[in-house]
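Chain residues, written in single-letter form:
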Amino acid sequence: MYIQSIFKQINGSKVAKEYRDELKSICNLNLRRNSKFNLMSILGALKTLKDVNYKDSLSIYIASEYGCVEDLLKVLEQINSEDSMLMPFDFLNVNTNNTGFLIAQALNTFGNNINITSEDFSFEKSFELAYFDFNTKDIKEILIGGVDESLEEIINHNSITHNLENAISQDGSSWLYINDKKENSIAKVKAFEFFTNLEELNSYLKVINYSIIGLNQYARKYQKELDINKDLIFDNQNNFYGTTSAGDIIDILNEKKESSIYISLDSKKRAYLFWFEKIK
């Protein structure tokens, strides 16, 4: 697997109209009534592939921790209000399963499109499926993204989400385009591994070499238990959103080190490890 193109857009909490206005010049779809989540996803996908000669069989994998948060809140308010009626488009916008279809329309592709959410590991699980499909099926061209809306407008959102460092929640849309061609690629996915506990992870870390290491919020919390070179830890950028690891990985790839790894832990100390190698 070779990473050919990357794109990351992290913003404070924008309104849907701002993303819709940005899309007008690069997308012919009528997106007037679409959710902010859909707009962020389509925008990120189009910008990632702006200068890429991709095939129409491209497969799309979308990861999201929270999905269409703003539209879900709107629908709940309509349901709970005696003076309001549930609007059809608001109801449809709660369904994140239509996002892949809309991206495929915007890109004119007909390959698989799949949305995945999994507590703490949404992007990791999406990447795992893409990795599996690439290595076991005839799928050699992949677009994978982590997209989430800011939660800052939700009262007490930190009490119901995992925000260990009390960071400001932002809008985030981060994407990687991957194929099987080494030429002109950014990096090779040398390995992608899952570990059920830290002992397994540390045993693996002892036998690999790396120039830089990124950690998600749980890995930073438990870094004293990790058998890593602390001097090589990458100072994470201000990427905090539902699928933060997608943005972190793009930052590490932009460092262009010979070998880089990224470790994601969850609350139960299960782990995923991404290992990238610079193309010489």
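As a reminder, the structure under discussion sits directly above these lines.
Rules of the game
Residues numbered from 1 in each chain as written. Predicted model: local features only at pLDDT ≥ 70, side-chain atom pairs only at ≥ 80, totals over all residues. Heavy atoms only, no water. Axes fitted to C-alpha atoms, helices over the stretch in contact; angles between N-to-C directions. Helix = DSSP H or I, 4+ residues; strand = E, 2+ residues; numbered from the N terminus. Left-handed = near helix turned anticlockwise from the far one by under 90°. Contact = heavy atoms within 4.5 Å. Polar contact = N/O pair within 3.5 Å; in protein donor to acceptor, adjacent residues only side chain to side chain. Pairing = 2+ DSSP bridges. 1 Å grid on protein atoms, 1.4 Å probe; cavity = no way out; pocket = protein on both sides within 12 Å on 5 of 7 lines; lining within 4 Å. Points joined across faces, edges and corners; volume = space filled by probe spheres on them. Nonpolar A, V, L, I, M, F, W, Y, C, P; charged D, E, K, R; others polar.

Enquirer: Got a sec to walk through the packing of helix α1 (residues 16–23) against helix α2 (residues 36–48)? Specific residues and values, please.
Expert: Their axes nearest at 9 Å, the elements α1 and α2 cross at an angle of 35 degrees. In this structure, α1 crosses over α2, and the sense of that crossing is left-handed. Facing A16, Y19, R20, E22 and L23 of α1, the residues of α2 in contact are K36, L39, M40, I42, L43, L46 and K47.

Enquirer: Any details on the side chain of S41? Residues and values, ideally.
Expert: The topology assignment puts S41 in helix α2. In terms of polar contacts, S41 uses its side chain to reach the backbone carbonyl oxygen of F37, at 2.9 Å. Once residues lying within four places of it in the same chain are set aside, the contact partners of S41 are T99, I103, V147, S173 and W175.

Enquirer: Tell me about the sheet that holds strand β1 (residues 2–11), and name the residues and values.
Expert: Within the open sheet, the nine strands sit side by side as β3-β2-β4-β5-β1-β6-β9-β8-β7. Their pairing is mixed. Two strands in the sheet have a free side with no partner beyond their single neighbour: β3 (113–116) and β7 (212–215). Pairwise comparison of adjacent strand axes, ignoring direction, gives a mean angle of 20 degrees for this sheet. Pairing analysis gives eight bridges linking strand β6 (residues 187–195) to strand β9 (residues 271–278), with the strands arranged antiparallel. By the bridge assignment for β9, K188 is matched with E277.

Enquirer: Give me the layout of surface pockets: which residues, what numbers.
Expert: Where empty space is left in the structure can be found by rolling a water-sized probe over the atoms. Considering only enclosed or pocket space, the largest pocket measures out at about 410 Å³ in volume. Along its surface, the largest pocket is lined by 18 residues, and N53, E141, Y177, N179 and K181 are the ones closest to its centre. Elements supplying a minimum of two residues to the lining of the largest pocket: β1 and β5 (171–179). The class makeup of the residues in the lining of the largest pocket is three nonpolar, seven polar and eight charged.

Coordinates in, geometry out; function isn't part of it.
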